[in-house]
Amino acid sequence: MAKSQRRGVLTAGFVGVVFALAGSISPVAGAVADLDGTARLIAGAYAGAPRSGGAAEGPWRSYAQEVSTYWREYDRRIGRPLRQWACNELDRAEGVTVFYPFSGPDLPWAYQLFPEADRYVLVAMEKAEAPPLMEDFSLEEQEGYVAAFRAAWKLYGALGFFRTNDLIAVTAARGTRLGTTGPLLAFAARLGFEIESIEPIELDLNRSDLILRDPGSTKDDTWDSVRLTLRKGSRRVLVDYVRMDLSDTSLGKVPGARRWIERMARNPTVLKAASHHPQEPAFSIVRNSVVSNAPIIVQDETGIDYASLAQGHAVRLYGRFTKPNNAFDQGLQRPLAAAYRTGAGVKPLAFRLGYEKDSGSSLQVATKSGSTGAPPRDCGPS
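Report follows, based on the coordinates. (Residues numbered from 1 in each chain as written. Predicted model: local features only at pLDDT ≥ 70, side-chain atom pairs only at ≥ 80, totals over all residues. Heavy atoms only, no water.)

1. Examining the packing of helix α1 (residues 35–42) against helix α6 (residues 181–190)
Right, on to step 1. α6 packs onto α1 with a crossing angle of 85° between their chain directions and a minimal axis gap of 7 Å. By the criterion of interaxial angle, the relationship of α1 to α6 is roughly perpendicular. Here Leu35, Ala39, Arg40 and Ile42 of α1 lie close against α6, whose contacting residues are Gly182, Leu185, Ala186 and Ala189.
Right, on to step 2. In terms of residue class, the contact of α1 with α6 is made up of six nonpolar, one polar and one charged. (Axes fitted to C-alpha atoms, helices over the stretch in contact; angles between N-to-C directions. Helix = DSSP H or I, 4+ residues; strand = E, 2+ residues; numbered from the N terminus. Parallel < 35°, antiparallel > 145°, perpendicular 65-115°, else oblique. Contact = heavy atoms within 4.5 Å. Nonpolar A, V, L, I, M, F, W, Y, C, P; charged D, E, K, R; others polar.)

This is the structure in structure tokens:
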């Protein structure tokens, strides 16, 4: 979900939703009193109120009831059929890293496609911000936070994504600051994880990988990117959210960024609602890295152009595609539309995803030629 890469075009997806308020931000990870409780509160999975701040439990209980309804609707229409589809159509990917460029904080999509992964690397333009300290919010701040997320969750339940512009309109009036940490925490809670820690991270130029940043740093961008350590039973999972402009021009200015992209692209890669950026000349580095290195690519029509994808991959088609969403150039992905028209081997999709189109939703699964298949999954009821 190529969020801020193109401001004037439809930006749909799990994009930088809020919500650390200025003046209510923790300077260090250790100052967060109860990350798991905060995550469950934002996710609507906890009916109580923050320990302080003057809010009665009523608004939070009502919020939890509404959000739970929206999440159940999402799970019925999208989440459950998506998990079943992934189990039937994708090989088991135990212990891998999943790479998700143009993602926003869309943890559910990556996790439900590859639930056995040990690490999810999400890359987008929005700043992460520090974890919100709900217990420090005033009553007015709590009410604003609840109002913004209630509207976002309602849309999410129906469509499976948050719309950036709607959230900006709600939060800007209350002086809030955009960030992806709140949504990441909420999604982790809804996916059944407990939050062990959240820490700022940065790119290590020597190792071309991510390292923890000193949480006591006084730099303004300390909380630019974050790492969540999650736990489900005895299993630990890392979620790295990296703030990075993926255009060629920007990557060329950041030492080590290109090497890091190439390294991440050696992993299973997912693309969804990416504003067709991977098809543009200005994003050749990330596109070529994924095409050359990824063992498997799961994408909608906004990802890699079909002609490039099919050169080195075996591509399976799902759903239906005729042309892009009306916000984009209607000449994009014509080879993909032609492949769908033939109907050869195209399988149906039982769920919607991505941008609205007259033809409905589409997915492509591209497996690199010569890749060895992993053991299939045991697909019981979702």
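Let us keep going from here.
2. Observations regarding empty space enclosed by the protein
Right, on to step 1. One pass over the structure, following the stated rule, counts three cavities of 30 Å³ or more.
Right, on to step 2. Considered as a void within the structure, the largest cavity measures approximately 60 Å³ in volume.
Right, on to step 3. Lining the largest cavity are ten residues, and of these Ile78, Trp109, Gly160, Lys272 and Arg352 lie nearest its centre.
Right, on to step 4. Among the residues forming the lining of the largest cavity, the class breakdown is six nonpolar, two polar and two charged. (1 Å grid on protein atoms, 1.4 Å probe; cavity = no way out; pocket = protein on both sides within 12 Å on 5 of 7 lines; lining within 4 Å. Points joined across faces, edges and corners; volume = space filled by probe spheres on them.)

3. Section: helix α8 (residues 257–264)
Right, on to step 1. Within α8, burial applies to Ala257, Trp260, Ile261 and Met264. Down the axis of α8, the sector holding all buried residues measures 100°, keeping them to one side. (Buried < 20%, exposed > 50% of the residue type's maximum accessible area, 1.4 Å probe, protein only. Arc of directions from axis to C-beta.)

4. Comments concerning the environment of valine 365
Right, on to step 1. With respect to the secondary-structure elements, valine 365 resides in strand β14 (residues 362–368).
Right, on to step 2. Since its relative accessible area comes to 0%, valine 365 is described here as buried.
Right, on to step 3. Remark: the alpha-carbon pair of valine 365 and valine 315, spanning 50 residues in sequence, is separated by 5.6 Å.
Right, on to step 4. If we ignore the near neighbours within four places in the chain, the residues touching valine 365 are Trp85, Leu90, Ile296, Ile297, Val298, Ala314, Val315, Arg316 and Tyr318.

5. A closer look at the nonpolar core
Right, on to step 1. Within the largest apolar cluster, 63 residues are counted, with the highest numbers of intra-cluster contacts made by Trp85, Leu113, Tyr120, Trp153 and Val298.
Right, on to step 2. In terms of nonpolar packing, the next biggest core, distinct from the first, is built from 28 residues, Leu203, Ala265, Ile304 and Ala366 among them. (Core = buried A, V, L, I, M, F, W, Y, C linked by side-chain atoms within 4.5 Å.)

6. Description of the pattern of salt bridges
Right, on to step 1. Applying the stated criterion across every chain, the model contains 20 salt bridges.
Right, on to step 2. Between glutamate 301 and lysine 357 there is a salt bridge; the shortest N-O distance is 3.1 Å. You can see glutamate 301 sitting in the loop between β12 (296–299) and α10 (306–312) and its partner lysine 357 sitting in the loop between α11 (334–342) and β14, a full 56 residues away along the chain. Accessibility classification places glutamate 301 together with lysine 357 in one group, the buried group.
Right, on to step 3. One salt-bridge network, held together by shared partners, links Arg119, Asp209, Arg227, Asp240 and Arg263. (Salt bridge = Lys/Arg side-chain N within 4 Å of Asp/Glu carboxyl O.)

7. What to know about the pairing of strand β10 (residues 235–243)
Right, on to step 1. Direction of pairing for strand β4 (residues 119–124) relative to β10: parallel, over a ladder of six bridges. Pairing of leucine 122 across the sheet is with tyrosine 241, part of β10.
Right, on to step 2. Alignment of strand β9 (residues 225–232) against β10, held across seven bridges, turns out to be antiparallel. Looking at β10, one finds that arginine 227 is bridged to aspartate 240. (Pairing = 2+ DSSP bridges.)

8. A short note on the side chain of serine 362
Right, on to step 1. Residue placement: serine 362 occurs in strand β14.
Right, on to step 2. When neighbours within four sequence positions are excluded, serine 362 is seen to be in contact with Gln299, Asp300, Glu301, Tyr318, Gly319, Arg320, Phe321, Tyr340, Leu349 and Leu353.

9. Comments concerning the environment of tryptophan 153
Right, on to step 1. One can find tryptophan 153 in helix α4 (residues 139–159).
Right, on to step 2. In terms of polar contacts, tryptophan 153 uses its side chain to reach the backbone carbonyl oxygen of isoleucine 42, at 3.2 Å. (Polar contact = N/O pair within 3.5 Å; in protein donor to acceptor, adjacent residues only side chain to side chain.)

10. Details of the packing of α8 against helix α9 (residues 284–293)
Right, on to step 1. Two elements in contact, α8 and α9, have axes whose closest approach is 8 Å; the angle formed by their N-to-C orientations is 35°. At the point where α8 passes α9, the crossing takes the right-handed sense. Contacts between α8 and α9 involve Arg258, Ile261 and Glu262 on the former and, on the latter, Ile285, Val286, Ser289 and Asn293.
Right, on to step 2. Within the contact of α8 with α9, the residues separate by chemical class into three nonpolar, two polar and two charged. (Left-handed = near helix turned anticlockwise from the far one by under 90°.)

11. Here's the deal with the packing of aromatic side chains
Right, on to step 1. A full pass over the atoms with the stated rule returns eleven aromatic pairs.
Right, on to step 2. Both rings, one in tryptophan 71 and one in tyrosine 74, keep their centres 5.1 Å apart while their planes meet at 45°; by these two values the pair is tilted. Separated by three residues within a single helix, tryptophan 71 and tyrosine 74 lie in helix α2 (residues 57–89), roughly one turn from each other. Here tryptophan 71 and tyrosine 74 have matching classes, each one buried. (Phe/Tyr/Trp six-rings, centres within 6.5 Å; stacked < 30°, edge-to-face > 60°.)

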